[in-house]
Amino acid sequence: MIKVLFALALALLCTWEQASAEIEPRTIVIHFHPASELAQRWLRSGRTGQILALKDLLGEHTSEAYISDATLKCLDQALSADDALYKRGHKEPLDCIAIIKYTSDIDPYIASAKLRSTTGISYCEPLPRMHIVGETNDPLLPQQYYIPLIKAQLAWDSLGSDKTIVVGIADTGIDTTHIDLRYNIWRNPGETGSDEKGGDRRFNKVDDDNNGFVDDWYGWDFVGSTGQNEDNAPLPGNPHGTHVGGTVAAMHNNGEGIAGVGKHIILMPLKIGGDDQFSTSISRSADAILYAASMGASIINCSFGSPSSSFADIKVIQQAAQLGALVVGAAGNDGQELAYYPGAYEEVLSVAATDASDRIASFSNVHRTVDVCAPGVSILATVPNDRYETYDGTSMAAPIASAIAAMVRLVHPEYTPAQTHATMRASCADIDSLNPDFPGLIGNGRIDASVALSSAMRKWATVNAYSVTDNDRDSVFDTGDTLAIEITLTNTLRSLDSCYVRFTNSSASIDISLLDTTIIFGPVDEDTRLRAPKPLRVVLPEKLPDNGQLRILAHIFDNDTRITTSAIQTVVNPTYRTIHANDIEVTVNSSGNIGFNDYSSNTQGVGFLYKNIRNILYEGALLIGTGPDRLPNVARGVETSIKDKSFRITESASVLSDSISSGLRVRSRFTDADDLQPLGVEVTSNVIALNADSTSNTILVALRVSNTTDSLFTNLHVAEFFDFDIGDAGEADLCEWDPEEQILHLSNTASRDLPRVGLSMISPLTINAFALDNEGSSDCPSIYDDFVRAEKWLVMTGGIRRSRSRVTDVSGVIGAGPIRLAPDSTVEVCFAIAAGFTESDVVRAMRSVKAEAKRLGLNVGESYIPATTDQIIAVSGGTLQSPGERELTFRLSGPASVTINLIDIRGCSVANLYADPYIDAGEYDVPISIPPVSAGLYFIRLGTNRGQTVLPVLISAAE
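Criteria and cut-off values
Residues numbered from 1 in each chain as written. Predicted model: local features only at pLDDT ≥ 70, side-chain atom pairs only at ≥ 80, totals over all residues. Heavy atoms only, no water. Core = buried A, V, L, I, M, F, W, Y, C linked by side-chain atoms within 4.5 Å. Buried < 20%, exposed > 50% of the residue type's maximum accessible area, 1.4 Å probe, protein only. Helix = DSSP H or I, 4+ residues; strand = E, 2+ residues; numbered from the N terminus. Contact = heavy atoms within 4.5 Å. Pairing = 2+ DSSP bridges. Axes fitted to C-alpha atoms, helices over the stretch in contact; angles between N-to-C directions. Left-handed = near helix turned anticlockwise from the far one by under 90°. Nonpolar A, V, L, I, M, F, W, Y, C, P; charged D, E, K, R; others polar. Polar contact = N/O pair within 3.5 Å; in protein donor to acceptor, adjacent residues only side chain to side chain.

**Considerations on the nonpolar core**
Across soluble globular proteins, nonpolar side chains show a tendency to be buried alongside one another.
Then, in step 1: Membership of the largest hydrophobic core comes to 74 residues, with the highest contact counts inside it found for Phe 608 and Phe 724.
Then, in step 2: Among the elements that make up this core, the one with the highest residue count is strand E31 (residues 713–724) (seven residues).
Then, in step 3: Residues in contact with Phe 608, not counting those within four places in the same chain, are Ile 584, Glu 585, Val 586, Arg 614, Asn 615, Ile 616, Leu 617, Phe 724, Val 757, Ile 833 and Ala 835.

Written out as structure tokens, the structure is:
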């Protein structure tokens, strides 16, 4: 009985196996024994026609060669090159294999079984119905051009079927019920199943796996609906995350939609975007990355970022790598040569976007931090509600790379994140010839999934660190300098037998001399960082462009095989200089900025350092104007991340020691010719650092402003704007006016260990000062949202308009005016900056530097503040207004003709509010009517013969 049951079970098993496999109907494959009469007859017939011995069983039939004549000939040619291979290859001749197609109804399995015992037949079997494993029955696959382009289908063939891998999608959430995604969504085993009480762990409001997240059974929403109320439902706001997830791992062979680039991938949804489907902002990315790495994600896709490296802390990325997760980041969609974070971090795989012809997409960033390229144009993928849409972006290129990286880890589970990163780069298709405008800026090429998943470990080494010094050690790479570039080589994968680096100049406008074209490393072990045995020496020419981008390509070879090319880049002949003649180290550019040359990237320069403590200056900028509509400047503007660029350089900054007995000065010259409404001024700037003991903590700024027009300036104001961040990011800072010393102090209220700074205008002119709350308040404009020219005019005029800020992130404005300046005349306005650890340190230094400035012949004297100024004091209802009747209070310092009107942010008049041809000095209350205008920021402007003053008001829409 037992034998019968076993036989029945075996029969059922065989039936199931036969039914589950796809075969060609009425078709079998026969391998004739080469020496048999059947084989000889078939060969003589040209390997075609009917075979009489088969007719009784199969009926009418045809035969054809399994291997074509042409292929056999090609094979014979290859084998004949080696006698041993030839003999070994012909032990089982391939020319005796036939495909038989018949008309009988006999099952191919049965036909095969019967024919196996036939004399002259070595074996017989059904012919399987073959599919390209990469090809699926997903109906939209033909629209996914990038699948064959990156050879994803061949990669799918390399994968087994018994393992999966988790990819974290840090994005805007995923539609986990999408018909093409629902079976590929990660489930947390610690939060699924039944708890001790028989309840469902998914919804029992208990942290069953004790990981700090309650009921995180399929991912996490780190921001929730308000940005604060996180929850366990990482469902989409913006469809972006669903599109990214589908690109990585939409289901294969389900008869629906598309096929994901990756196979056997499980998606971990990590929602870091808002619930609003139109929201593009994200937050809590560091939490999402660490969660994903901690919960077992091997790859974490980050299709988001910022040009600022503060967007994601590098320590988070490094921790994720230590946990075994490779982070993949988008290179950004700005269409610029720009580092984009977190992708630009060394540990992250940064992905730029290409099109269907392997050319860089017009929107894609390029940069030396880019690692690879992937298709990012017209990428078809899932969006919520079982739909599909085509998107463009490096956000689409990154998940394509993430999918390939995940499959690399599936094939090579022993690989570390660094080895996976290196393998992705080492396996790229070279597309440099198609993108000649981007040498060294597009990584190692376009990803190739098939090559990446090949079993053999490839070679990969990069120049991942370098330092540049010049022969005079002033860190300014100027004409005629010889640069020494120290490079460090990192070899990640296989050992190198004979490594060397060959250098070429990739700077189109800089004709350098390479004193060393090759540096030899020799053998380099795997997983090794090695400093070059000598520096690369480069001689700069006598003529250099301003802010020239020197780019040298380092081509890494092992023997005669090029492994990769890395870019070495630095700025030569910069239009900024850094002086460090005393306890203050500060950068000055050629057009009115102090601290950095490239606001808001703030990479060109050191900022402002006192006694080598970290930089405490975010932005320093010159403002010159006669009114809100005539105000050339280089401070942040309507978009706060972009500065106004009014000044045109006529003499680049240079460091000089002449006329300074003990110290250095940076001299530059510029005009306001680049402003849309220039005044017609030329400025000669001298920023001076004195190294005497009494002035070692000071900086002088002497500005000679010339009127190059034929008109008299009656209301000229010159001011310096400084956003000092004494505390971290300016937290708990304070700005306040000292009326006795006439110093604007900036300090941190939370720590006495941090330095403080004093600002003063030291020329015998009317002084203006304003203590700014950067976030704004009722009597202060915000410079977080914008810093329009009417607001700039407000804070640089009117005397000591605001003497104390709140304790917050602050800025200070110090200036002079009004100044009468005749045509072809010049006025010198001098400022002093002092640093110290106490208020008395700053006061003593300020007194000393004033005396020294006078000795140097600068325009120094007691500045003065008029008892009163023409000024708007207040408007009833404050600065938040709605249309209607109001009362305005203003003060006049003398008799004047008065006009009061409402202007928009462009300085254009919107409505006349009040006018009087003659009013005596004093303070007045007058009625005004706020008209029904479009909601937004406006300014009430008071005009007299002595100038103009404005008060910002935010007007709401009329009810």
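**Brief notes about the sheet that holds strand E10 (residues 349–354)**
Then, in step 1: One open sheet accounts for seven strands, arranged E6-E7-E5-E8-E9-E10-E11; its pairing is parallel. The open sheet has two free edges, formed respectively by strand E6 (220–221) and strand E11 (372–375), since each of these has just one partner strand.
Then, in step 2: Direction of pairing for strand E5 (residues 165–171) relative to strand E7 (residues 265–271): parallel, over a ladder of seven bridges. Bridge pairing links Val 166 to Ile 266 in E7.

**Thoughts on the pairing of E7**
Then, in step 1: Taken across its seven residues, E7 has seven buried, putting it largely inside the fold.
Then, in step 2: Taking every second residue as pointing to the same face, both faces of E7 are buried, with Ile 265, Leu 267, Pro 269 and Lys 271 on one and Ile 266, Met 268 and Leu 270 on the other.
Then, in step 3: Both E6 and E7 contribute to a ladder of two bridges, which runs parallel. Looking across to E7, one finds that Asp 221 is bridged to Lys 271.

**A closer look at the environment of Phe 724**
Then, in step 1: The residue Phe 724 is located in strand E31 in this model.
Then, in step 2: Given the relative accessible area of 0%, Phe 724 is considered buried.
Then, in step 3: Apart from residues lying up to four places away in sequence, Phe 724 is in contact with Phe 608, Ile 616, Leu 617, Asp 733, Leu 746, Val 757, Leu 759 and Val 810.

**Regarding the packing of helix H9 (residues 240–249) against helix H12 (residues 394–411)**
Axis angle and axis distance: for two packed helices, these are the angle between their axes and the distance between the axes, and together they describe the pair.
Then, in step 1: Where H9 contacts H12, the axes come no closer than 8 Å and their chain directions differ by 35°. As H9 runs across H12, the sense of the crossing is right-handed. Along the contact surface, H9 presents His 240, His 243, Val 244, Thr 247 and Val 248, while H12 presents Ser 395, Met 396, Pro 399, Ile 400 and Ala 403.
Then, in step 2: Of the residues assigned to the contact of H9 with H12, the class counts are six nonpolar, four polar and no charged.

**A few points about the environment of His 580**
Then, in step 1: Looking at the element boundaries, His 580 is found in the loop between strand E23 (576–579) and strand E24 (584–589).
Then, in step 2: Residue classification places His 580 among the partly exposed residues on the basis of a relative accessible area of 43%.
Then, in step 3: Dropping the residues within four chain positions of it, His 580 is found in contact with Glu 585 and Asn 612.
Then, in step 4: Separated by 3.5 Å, the side chain of His 580 and the backbone oxygen of Asn 582 make a polar contact.

**A short note on the side chain of Ser 760**
Then, in step 1: With respect to the helices and strands, Ser 760 occurs in strand E34 (residues 756–761).
Then, in step 2: Given a relative accessible area of 0%, Ser 760 falls into the buried group.
Then, in step 3: For Ser 760, the side chain forms a polar contact with the main-chain oxygen of Gln 742, separated by 2.9 Å.
Then, in step 4: Excluding residues within four positions of it along the chain, Ser 760 makes contact with Gln 742, Ile 743, Ile 814, Cys 830, Phe 831, Ala 832, Met 846 and Lys 850.

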